[in-house]
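Coordinate inspection notes
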Amino acid sequence: MNILDLDHSLTAQAPIQNLLDSGRAKRLDLLDLGPKLRLWTTERQYRRFTERLRQLVAPTAGKPQIIFVGSGDYHHLTPAFLGNLPEPVSLIHFDNHPDWVHLAPRRHCGSWVNRALKLPNIERIITLGPCSEDLDTPQLRGGNLGALRRGDLQLFPWQHAPSKVWGRIGDGAGHQQQENHLHWRNLADEHWPDFLEQLIQGLPTEAIWITIDKDVLASEDAATNWDQGGMRLTHLLDALRALAARKRVLGIDICGEFAKPAFSNAFKRWEAKSDQPPAERWSAADLQRNAATNQALISLFEELFP
């Protein structure tokens, strides 16, 4: 396993430190780049990051590459892990936000899905779990409904009311259009094992990559820099187990820790303050949920990929 130390959020947790102390994981020191990469970054800084990734522990035969990243403010780094995949993959994306905005900078944590869709080996992206207001009038918020229309992207909210749209989007695996609204197939209403079976049967590739932002989880299971979704940890663990049993997992990256704000410029500080709930809502005891959830993930990874 690899621990990207961008913001101190991971190394402060006992389960992560135990991994490092035992030699079961390697820490990659990226603290110098952390503020420059957080929320969004320039192409120059992004290239510096990708060059440093050469220091990652290479996966052994038959085992996926597992990367803990830190705050969800770094989710736009995920395409860097996908650029040299050896075969076509389906990207399974757990998140409380679709991260599909056209109006943000290209290397932004709210727009990275659009970059991933352009990678040659990404056959399809399946986003699971959004509950956020990003799905309220998504066209006005810059959402990539064209990818939904083409079927390159499938989106399954955890729980969301119908979304107002203009024009014909059409039906998809996770939604049906009725007049000017997309009616979502809400996962909270699904029988989870049956849904997972249908999801896996419908994947276009044998190989998959899994990317997890822990803000997909309810606040009982995680405390992040962003607003929380409604999925419970048991749902996430069951999904990982089912996917690993039926598909070849090439890699898993995990973000969504809580990290104290540390940005490289005033505009980023303003953006974070405008978009994110106040950091003060979490107590020190609340943040322990992240360590407990990471311990559950680590235990499952070591069980599935011994």
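Rules used throughout
Residues numbered from 1 in each chain as written. Predicted model: local features only at pLDDT ≥ 70, side-chain atom pairs only at ≥ 80, totals over all residues. Heavy atoms only, no water. Pairing = 2+ DSSP bridges. Helix = DSSP H or I, 4+ residues; strand = E, 2+ residues; numbered from the N terminus. Axes fitted to C-alpha atoms, helices over the stretch in contact; angles between N-to-C directions. 1 Å grid on protein atoms, 1.4 Å probe; cavity = no way out; pocket = protein on both sides within 12 Å on 5 of 7 lines; lining within 4 Å. Points joined across faces, edges and corners; volume = space filled by probe spheres on them. Nonpolar A, V, L, I, M, F, W, Y, C, P; charged D, E, K, R; others polar. Disulfide = S-S within 2.5 Å. Buried < 20%, exposed > 50% of the residue type's maximum accessible area, 1.4 Å probe, protein only. Parallel < 35°, antiparallel > 145°, perpendicular 65-115°, else oblique. Left-handed = near helix turned anticlockwise from the far one by under 90°. Contact = heavy atoms within 4.5 Å. Salt bridge = Lys/Arg side-chain N within 4 Å of Asp/Glu carboxyl O. Phe/Tyr/Trp six-rings, centres within 6.5 Å; stacked < 30°, edge-to-face > 60°.

1. Some details on the sheet that holds strand β6 (residues 153–156)
As summarised here, the arrangement of the eight strands in space is β2-β1-β3-β11-β10-β4-β5-β6, forming an open sheet in which the pairing is parallel. If you trace the sheet from one side to the other, it starts and ends with β2 (26–29) and β6, each paired once. Strand-to-strand twist of the sheet, defined as the mean angle between neighbouring strand axes without regard to direction, takes the value 15°. The pairing of strand β3 (residues 65–71) with strand β11 (residues 248–257) spans six bridges and is classified as parallel. Of the residues in β11, the one forming a bridge with phenylalanine 68 is isoleucine 254.

2. A few points about the layout of surface pockets
Volume-wise, the largest pocket comes out at about 700 Å³. Val101, Gly110, Asp134, Trp226 and Asp275 are, among the 31 residues lining the largest pocket, the residues nearest its centre. Class assignment for the residues of the lining of the largest pocket results in twelve nonpolar, nine polar and ten charged. If you add up the space inside the second largest pocket, you get close to 570 Å³. Of all elements in the fold, only α3 (43–52), β3, α4 (78–82) and β11 reach the threshold of two or more residues within the lining of the second largest pocket.

3. Considering the state of the cysteines
Each disulfide consists of one covalent bond between the sulfur atoms belonging to two cysteines. Scanning all chains against the criterion turns up zero disulfides. The thiol of cysteine 109 is not disulfide-bonded; the next cysteine sulfur, from cysteine 255, is found 8.9 Å away. Judged by relative accessible area, which is 6%, cysteine 109 ranks as buried. For cysteine 131, which is in no disulfide, the shortest distance to another cysteine sulfur is to cysteine 255 and amounts to 16 Å.

4. Re the packing of helix α8 (residues 233–246) against helix α10 (residues 284–304)
Contact geometry of α8 with α10 gives a least axis separation of 11 Å together with a crossing angle of 15°. Relative to α10, the element α8 is oriented roughly parallel. Judged by the twist between their axes, the crossing of α8 over α10 is right-handed. Between α8 and α10, the residues in contact are Leu233, Leu236, Leu237, Leu240, Arg241 and Ala244 and Thr293, Ala296, Leu297, Leu300, Phe301, Glu303 and Leu304, respectively. Residue composition of the contact of α8 with α10, by class: ten nonpolar, one polar and two charged.

5. Remarks on the packing of helix α7 (residues 192–202) against α8
Between α7 and α8, the shortest axis-to-axis distance is 10 Å and the interhelical angle comes to 35°. The chirality of how α7 crosses α8 is right-handed. Contact residues: Trp192, Leu196, Glu197, Ile200 and Gln201 in α7; His235, Asp238, Ala239, Ala242, Leu243 and Arg246 in α8.

6. A look at the pattern of salt bridges
When the charged atoms of two side chains with opposite charge come close together, those side chains can pair. With the rule as written, the count across this model stands at 18 salt bridges. With a closest N to O distance of 3.9 Å, aspartate 32 and arginine 48 form a salt bridge. Residue aspartate 32 is found in the loop between β2 and α2 (34–37), and its partner arginine 48 is found in helix α3; the two are separated by 16 residues along the sequence. With a shortest N-O distance of 4.0 Å, arginine 141 and glutamate 133 are connected by a salt bridge. Connected through shared salt-bridge partners, Asp5, Arg27 and Asp29 make up one network.

7. As for the packing of aromatic side chains
What the rule picks out here adds up to eight aromatic pairs. Note on phenylalanine 81 and tryptophan 209: the rings are 6.5 Å apart at their centroids and 20° apart in plane angle, and the pair reads as stacked. Placement of the pair is phenylalanine 81 in helix α4 and tryptophan 209 in strand β10 (residues 207–213), with a sequence separation of 128 residues. Comparing phenylalanine 81 with tryptophan 209 shows no difference in burial state: the two are buried. Measuring from ring centre to ring centre gives 5.6 Å for phenylalanine 267 and tryptophan 270, while their planes differ by 25°; the resulting arrangement is stacked. Of the two residues, phenylalanine 267 and tryptophan 270 both sit in helix α9 (residues 266–275), three residues apart, roughly one turn of that helix. Of the residues examined, tryptophan 270 reaches a relative accessible area of 53% and is grouped as exposed.

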